[in-house]
Each structure stands twice: as C-alpha cells, then as structure tokens.
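# Examining the three-dimensional arrangement
Single-letter residue listing:
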Amino acid sequence: MLRSRIVSTGSYVPENVITNHDLEKIVDTSDEWIMERTGIKERRIVNGLQAASDLAFEASTLALKRAHIKAKDIDLIIVATCTPDMAFPSTACILQNKLEAKNAAAMDLSAACSGFIYGLHVANGMIKSELHKRILLVGTEVLSKFVDWQDRTTCVLFGDGAGAVVLEGTREKRGIYSTHIYSDGNLSELISLPGPGSRNPCSRDSILKKMNFIKMKGNETFRVAVRTLEEVAVKTLEANNLEPSRLSLLIPHQANIRIIQATAKRLNLPMEKVFVNIDKYGNTSAASIPIALDEALQSGKIKDGDYILLEAFGGGLTWASSLLRW
Ligand code: UT7
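Figured I'd write up the structure that's included with this text. (Residues numbered from 1 in each chain as written. Predicted model: local features only at pLDDT ≥ 70, side-chain atom pairs only at ≥ 80, totals over all residues. Heavy atoms only, no water.)

### Describing the site of the ligand
To keep it simple, the criterion reads: For this purpose, a residue is taken to be near a molecule or strand whenever a single non-hydrogen atom of the residue falls within 4 Å of it. Each polar contact in these results corresponds to two N or O atoms within 3.5 Å; when the atoms are within protein, one needs to be able to donate a hydrogen and the other to accept it, and residues that are neighboring in sequence are counted only if both atoms are side-chain atoms. Methods summary: accessible areas were calculated by the Shrake-Rupley approach with a probe of 1.4 Å, and residue burial reflects only the protein chains presented. Put simply, DSSP marks the helices as runs of H or I at least four residues long and the strands as runs of E at least two long, and each gets a number from the N terminus on.
Of all residues adjacent to the ligand, which total 25 residues, the nearest are Thr-29, Arg-37, Asn-219, Asn-256 and Asn-283. Here an oxygen atom of the ligand and a side-chain polar atom of Asn-256 are 2.7 Å apart. Take Asn-283: an N or O atom from its side chain is 2.7 Å from an oxygen atom of the ligand. Across the complex, the protein chains shield 73% of the 960 Å² of accessible surface that the ligand would expose by itself. Of all the elements in the fold, those that place two or more residues in the shell around the ligand are α2 (31-38), α6 (152-155), α8 (218-239), α9 (257-266) and β12 (307-314). Considering every element that reaches the shell around the ligand, the biggest residue donor is α8, with 5 residues.

The following block contains the structure:
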C-alpha cells in the first residue's frame, strides 16, 4: 500500500521577541492576564522587510537540507498561509523562485490556522494517487502585519513564523495514516481578515474601518474550537482503531493552552504527551503545527514507530486532524 510520509522538517521564527511585558506598554493588558487566559509568554515578530515567503524560504531550505535533496527534485510546492506576500502571484510561486525549484508546480492553500493539515490532506492524496512524487509543504505566516496593535483582544495572541516538511511515498508501515478536514462557512464571521479583497477593496473608508486587521470573536471561537477539536481527535483515533493510550504525542494547533488542555483531558492524555510551544511563539496560524512538529523531532520527542496526532482549528471556520506513524 502506497502511503505518503514526512521525510524531513524545518522551521524558522524571526529573531525579534515581543514579550507580554512589552505589550503592557502599548495596550491595557498584563502578563498575568495573557498567561492565564492563553498560555502565551512571548511571540516572534518579523522586521519590517520580511514577508511570508522569506520565512518560508528559511524553513524550506532547512527541510530540504535535512532530506538531503535538491530543490529541483521537488515536483509540487504547497504553501498554506492566510498572510501571503500579495494576492498574486502566490507565495508558493515566489518561494519556488527563491528556492530555484524549477521542476515544481506551486500553489497556495487558504484554510487559515488549519492550513497545514489541509495541505497535508492534499499532499497525501497527490502522492497516493501518484500524481506527484515529492512535495514541499509549508505553513508560513506574518500575522504581525495584520493585527491592530491598539486592539488588546487580538494583538496579544499572534506571532510570525514558518514550518516546512518534505513528503514522499512509502510502502512501509509508517507515514500518514489518515487526514480529516472540515469546514463551516456559516461561522465565518467569528474570525476574519475582511480586507483588502474584492468585497472590501483598499480604500480610505476600509482603512478607517480597520478592515485590514484580523477580527475575532474570541470567546465564541473558543467554545467552538474546544468542541470541534475534541470531536475530531476522538473521530480520528476511532477511524484508525487506536486507543488514545497508544498515542505517543499530540501536536495541537497552538492557539490557546486552555483549548489544548481540554483536548488532552478528553483523550485522557497526560500533558507530557502533548507538545506545547505556545508560550514562546503565540498563535502562528498555519505555521504552528509544522513549527511544533519540527521542534518535537529536533528535541527527540518523536521516535520511529510513534503514533502522532495533529489537529487544528481556524478561520473559515475550518478544522482538521491527521494521524501519523513515524
Ligand atoms: O487560531 C484560530 C483559532 N483561535 C482560537 O481558537 C482562539 C479562541 N479564543 C481564545 O483563545 C480566547 O477567547 C481569548 C484568549 C481570545 C480571550 O479569552 P476569554 O477568556 O475568552 O476572554 P473574553 O474574550 O471573554 O474577555 C474577558 C475579559 C473582557 O473584559 P470584560 O468585558 O469582562 O470587562 C475583555 O475585554 O478580558 C478582557 N480582555 C483583556 N484583558 C486584558 C480581552 N483581551 C484582554 C487583554 N488583556 N489582552
């Protein structure tokens, strides 16, 4: 049976650290409130010049190096992002050019914070159907350029970063065992970035209405996130006939420590089996899972044969999960 497998990972976060104490100086907030409600201590923010493709390039270069392959050996690049360099060309095409991945088709995928697992779903299908052999999948975000730094309800939550993986086919009993993706466009107003776009083109009025900044109804989003992530985690394990106790690691989207703890509790997983780095990076949307996966691997938390559950939730609304065997 042909499966797809992540053969290498890479990640990159900008050097510039913004702590909760830094934020206390610009909005009416406190380190205590942010830590207690979200688990975030600090986040990384790009310098003014860096865009999503620059972060993606760093993460991808590392993933390619670790896979011992050249960029020209990649035949498809998928970039999951909700903060692309520009509307078009796609960030994937810009990345293809930077990497000199001359033999790769390239496209962006928009599923907000679930983008990486959506990308995994697409890449898995492409490899299993033998349409593509070697895929570079990247989650990259520069959210700091789309948050209103005067809005304490959102500016404390997000950070910038990128994570990349290289996928290939395998006939071994490892790799991606399943992927599950879901959407509910009826709840699209819970998290959005309304402009500029064809609905709200860039104008004096759209700028005055701050449409170029992320809007989120945090508390309602929180409740839907807890419910859907618990459900999707249980469904994914059931689809693979796997007891939660057989999981070696849960790698959840890093949006809020309380959401992560709720899923762990539902699965009866001790927190030692849950990868958490939200304290360092905040919510990096589509980049959060590949960054976490890379850090888990580099720190020796993943061994051959381990079952790993990935899950994410985000704007759209979208949510998604995947079971991997390493
Ligand atoms: O990645 C995509 C998916 N995103 C998520 O899943 C995020 C889901 N939502 C959340 O993580 C949480 O809802 C937040 C962290 C955004 C907010 O936490 P909460 O416990 O839901 O707080 P809340 O929105 O109910 O606000 C409670 C209070 C409010 O004050 P009042 O009205 O009770 O006086 C807010 O104005 O906290 C206030 N508040 C703050 N106070 C200090 C909101 N933001 C801040 C802040 N500092 N940064």
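Additional details are given in the paragraphs that follow.
### Observations concerning the sheet that holds strand β6 (residues 134-142)
Here is the rule: Two strands pair if DSSP finds at least two bridges between them. A fitted line through C-alpha atoms represents every axis, and for helices the fit uses only the stretch in contact; the resulting angles, taken between N-to-C directions, go from 0 to 180 degrees.
One open sheet holds the 5 strands; their spatial order is β1-β7-β6-β4-β5, and the pairing between them is mixed. Looking at strand neighbours, the two that pair on one side only are β1 (3-12) and β5 (105-109), the edges of this open sheet. Going from strand to strand, the sheet's axes swing by 20 degrees on average, the running direction of each strand aside. Across 9 bridges, β6 lies against strand β7 (residues 160-170) in antiparallel orientation.

### Some thoughts on the packing of aromatic side chains
Put simply, the rule reads: Whether two aromatic rings pair depends on their centres lying within 6.5 Å, for rings of Phe, Tyr and Trp, where Trp uses its six-membered ring; planes under 30 degrees apart make the pair stacked, over 60 edge-to-face, and the rest tilted. Each residue is assigned to one of three classes by its accessible area relative to the maximum for its type, calculated with a 1.4 Å probe on protein chains only: buried under 20%, partly exposed between the two thresholds, exposed over 50%. Note on geometry: a ring has a charge over it if NZ (lysine) or CZ (arginine) is within 6 Å of the ring centre and within 35 degrees of the ring normal.
Tallied over the full model, the rule gives 2 aromatic pairs. Summarising the aromatic geometry, the rings of Tyr-182 and Trp-319 are spaced 5.9 Å apart at their centres and angled 15 degrees between planes, so their arrangement reads as stacked. Linking Tyr-182 in strand β8 (residues 175-183) with Trp-319 in strand β13 (residues 318-325), this pair joins segments that are 137 residues apart in sequence. Looking at Tyr-182, the relative accessible area reads 24%, which means it is partly exposed. For Trp-319, a relative accessible area of 13% gives the class buried. When the ring centre of Tyr-177 is taken as origin, the NZ or CZ atom of Arg-3, which lies over that ring, is 4.1 Å away.

### A short note on the pairing of strand β4 (residues 76-80)
Looking down a regular strand, the side chains alternate between one sheet face and the other. What counts here: When the strands point away from the viewer, a crossover counts as right-handed if the route from the first strand across the helix to the second turns clockwise.
Of all 5 residues in β4, 5 are buried, a share of seventy percent or more. Of the two faces of β4, both are covered, the one formed by Leu-76, Ile-78 and Ala-80 as well as the one formed by Ile-77 and Val-79. With 5 bridges connecting them, β4 and β5 associate as parallel partners. Note that in β5 the partner of Ile-78 across the bridge is Met-107. What joins β4 to β5 is helix α4 (residues 91-99), and the crossover it makes is right-handed. When β4 meets β6, the two strands line up parallel, connected through 5 bridges. Of the residues in β6, the one forming a bridge with Leu-76 is Ile-135.

### Considerations on the pattern of salt bridges
Oppositely charged side chains may form a pair once their charged atoms are brought near each other. Test applied: Salt-bridge detection follows one rule: a side-chain nitrogen of Lys or Arg within 4 Å of a carboxyl oxygen of Asp or Glu.
Scanning all chains against the criterion turns up 11 salt bridges. Glu-172 is paired through a salt bridge with Arg-174; the nearest N and O atoms lie 3.2 Å apart. Note on Arg-174: relative accessible area 15%, which makes it buried. Each member of the salt-bridge network shares a partner with another, and the members are Glu-172, Arg-174 and Asp-304.

### Brief notes about the sheet that holds strand β11 (residues 249-252)
As a reminder, the rule being used: The contact criterion used is simple: two residues touch if any of their non-hydrogen atoms lie within 4.5 Å.
In spatial order, the strands read β8-β13-β12-β11; together these 4 strands make up an open sheet with mixed pairing. Because the sheet does not close on itself, it has two edges, and the strands there are β8 and β11. Looking at each pair of strands side by side, their axes are set apart by 10 degrees on average, direction ignored. The pairing of β12 with β13 spans 8 bridges and is classified as antiparallel. Following the sheet pairing, Gly-314 is matched in β13 by Thr-318. Of the strands in this sheet, β8, β12 and β13 touch helix α5 (residues 115-128), which is tilted by about 125 degrees from β8.

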